[in-house]
Amino acid sequence: MNVVFISPHYPPEMAGFTRGLAEVGANVIGVGEGSAAALPNATRGHLADWVSVPKLFDEESAANALVRALRGRKIDRIESLWEPTVLLAARVRDLTGVPGMSRDTVLGFRDKQLMKERVARAGLRVPLSRRVTTVTEARHAALEIGFPVIIKPIAGAGSADTFRCDDGPELERALARMSHIGEASVEEFIDGEEFTCDAISIDGRPVFESVTQYHPRPLIARSEEWVSPAQLTFRDPHERALAGGVELGRNVLAALGMGSGFTHMEWYKKSNGEVVFGEIAARSGGGHLIDMMNWANDIDVYREWARAVCWGRFDARVARRYHVAMVFKRALGQGRIARIEGLRELRAACGPAWVGDHLLPVGTRRRNWKQTVVSDGGVALRHPDYRTCRALMEKAIGELTLYARP
Ligand SMILES: Nc1ncnc2c1ncn2[C@@H]1O[C@H](COP(=O)(O)OP(=O)(O)O)[C@@H](O)[C@H]1O
Ligand SMILES: [Mg+2]
């Protein structure tokens with residue numbers, strides 16, 4: 001089983017998937033820029049081979065370089081779980097005839113307007129939306145859809161350059177800040193709670209599902225620095241309150257022609273119970289979501305993803321034991337972390353519910369909170385009871401504080 005895995009070391013969770021591939025018996029051929037010598041040891045140890053391409057993000061030249069490098073070898077799978085390279089993987093599959101989703105199918109998971117069109121065509125509820133390339137088109141779209149609207153880049157990520165506009169002047173302000181964006185989407189604003197539905201599928205059939213709720217909604221977390229962004233993975237995604245989202249998830253996978261691999265979908269639940277599609281990607285979720293699925297179930301999702309794509313099997317027994325909460329913290333002040341308050345008390349309050357922390361140690365420079373989903377690090381905890389898990393999560397939000405100074 002020879003598996004080409006693009007970017008086996010970055011973002012950091014890819015190292016886990018590379019390990020998973022090696023553990024299920026794949027010869028992993030890593031692809032990236034630069035030399036294998038620069039890879040972290042842990043990743044290099046799981047690779048059978050390394051192919052260097054000059055520019056990973058130049059899809060055409062990278063695809064051609066990869067096809068040349070792989071010529072004459074028997075390749076069974078070409079995989080990528082990193083958003084900027086999922087299309088590259090698909091293109092090389094198309095060029096080489098290696099099985100897996102075509103580039104056109106993967107585009108349905110990458111182009112936000114195309115995905116909504118395909119999902120809507122299957123009769124599923126998506127926000128009203130228009131693809132726009134000029135300021136005039138954006139104004140027309142907003143009037144047609146009706147305020148409030150969301151305006152965001154077609155190929156956005158991490159809520160970057162995404163704005164809620166309640167009226168014309170707010171739209172003008174947003175447009176002024178988006179002049180560097182070539183193509184945007186203007187959408188009906190959906191008021192509600194925001195969830196993910198993450199899945200591993202085999203030939204389009206989900207064999208593992210997990211639902212996580214964002215607290216608060218990512219756009220708010222990204223707009224206000226004082227927020228501690230938190231997320232809670234539900235012990236059992238098949239509980240009744242989540243059924244609409246899980247069903248939507250399955251229907252979306254069918255509508256988009258999902259094959260085998262990971263998907264990360266976001267969906268909204270309005271106060272009247274209506275469930276609305278947000279977006280979907282043909283990759284794993286970031287922000288420690290994979291670890292949270294592991295802690296909820298005491299399994300190894302990294303390895304099971306690998307088993308699913310290599311052998312068409314998912315062998316883990318999913319325990320559905322814990323609700324898992326992750327709370328990310330942003331230090332007060334600028335510069336380096338100077339002090340952490342409330343950690344000892346939080347650990348004591350959690351007792352066996354404590355999973356661990358990855359807070360930046362004292363002395364480390366703060367991260368740019370706008371550019372990272374993991375803030376200045378976070379804490380994780382888990383509990384079989386939802387209310388207890390939620391209460392401990394609130395405690396971490398309210399009573400754990402990092403301070404920074406220049
Ligand atoms: N139509 C919408 N209605 C309400 N909120 C939205 C809408 N579209 C986006 N948002 C908010 O903006 C965030 C980022 O948008 P999203 O489409 O998920 O793009 P990305 O996560 O790739 O940046 C969402 O998590 C949500 O909080
Ligand atoms: Mg999103």
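Since the structure is predicted, the reported quantities are computational estimates derived from the model, not experimental observations. (Residues numbered from 1 in each chain as written. Chains lettered and ligands numbered in written order. Predicted model: local features only at pLDDT ≥ 70, side-chain atom pairs only at ≥ 80, totals over all residues.)

### Structural notes on the site of ligand 1
Line of reasoning, step 1. Around ligand 1, the structure places 19 residues, and the nearest of them are E187, I190, R217, P218 and L219.
Line of reasoning, step 2. Elements with a minimum of two residues in the shell around ligand 1: strand 6 (149-153), strand 8 (184-188), helix 9 (218-223) and strand 13 (275-281).
Line of reasoning, step 3. A per-class count over the shell around ligand 1 returns 7 nonpolar, 5 polar and 7 charged.
Line of reasoning, step 4. The residues that make up the shell around ligand 1 include at least three from each of domain 2 (128-188) and domain 3 (200-316). (Near = placed C-beta within 6 Å. Helix = DSSP H or I, 4+ residues; strand = E, 2+ residues; numbered from the N terminus. Nonpolar A, V, L, I, M, F, W, Y, C, P; charged D, E, K, R; others polar. Domains from an automatic or database assignment.)

### Concerning the sheet that holds strand 7 (residues 163-165)
Line of reasoning, step 1. Spatial strand order, 5-8-6-7: 4 strands in an open sheet with antiparallel pairing. Edge positions in the open sheet fall to strand 5 (129-132) and strand 7, since each of these has one partner strand only. Adjacent strand axes in the sheet meet at a mean angle of 25 degrees, parallel and antiparallel pairs treated alike. (Pairing = 2+ DSSP bridges. Axes fitted to C-alpha atoms, helices over the stretch in contact; angles between N-to-C directions.)

### A closer look at the pairing of strand 13
Line of reasoning, step 1. Of all 7 residues in strand 13, 6 are buried, a share of seventy percent or more.
Line of reasoning, step 2. Alignment of strand 12 (residues 261-269) against strand 13, held across 6 bridges, turns out to be antiparallel. For Y268, the partnering residue across the bridge sits in strand 13 and is V276.
Line of reasoning, step 3. Here strand 12 folds back onto strand 13, and the loop between the two strands holds 5 residues, one of which, G273, carries a positive phi near 95 degrees. (Buried ≥ 20, exposed ≤ 12 C-beta atoms within 10 Å, placed from the backbone.)

### Description of the domain arrangement of the protein chain
Line of reasoning, step 1. According to the domain assignment, the protein chain contains domain 1 (2-107), domain 2 (128-188), domain 3 (200-316) and domain 4 (322-406).
Line of reasoning, step 2. Domain 2 and domain 4 are separated by 34 Å when their C-alpha centres are compared.

### Describing the nonpolar core
Line of reasoning, step 1. Core analysis: the largest hydrophobic core is formed by 86 residues, its most contacted members being L21, W305, A306 and A325.
Line of reasoning, step 2. Among the elements that take part in this core, helix 12 (residues 301-311) stands out by supplying 7 residues, more than any other.
Line of reasoning, step 3. For W305, the contacting residues outside a window of four places in its chain are F17, G20, I200 and F262.
Line of reasoning, step 4. The next biggest cluster of nonpolar side chains, apart from the first, holds 13 residues, and it includes V132, I150, I151 and A184. (Core = buried A, V, L, I, M, F, W, Y, C linked by C-beta atoms within 7 Å. Contact = placed C-beta atoms within 7 Å.)

### Thoughts on the sheet that holds strand 10 (residues 205-215)
Through backbone hydrogen bonds, the strands of a sheet pair up, either in parallel or in antiparallel fashion.
Line of reasoning, step 1. One open sheet accounts for 8 strands, arranged 13-12-9-10-11-14-17-16; its pairing is antiparallel. On the outer flanks of this sheet lie strand 13 and strand 16 (354-357), each paired with one strand and no other. The average angle at which neighbouring strand axes cross in this sheet is 20 degrees, direction not considered.
Line of reasoning, step 2. By the bridge criterion, 9 bridges tie strand 9 (residues 193-202) to strand 12 in an arrangement that is antiparallel. Each bridged residue has a counterpart across the sheet, and for E194 the counterpart in strand 12 is Y268.

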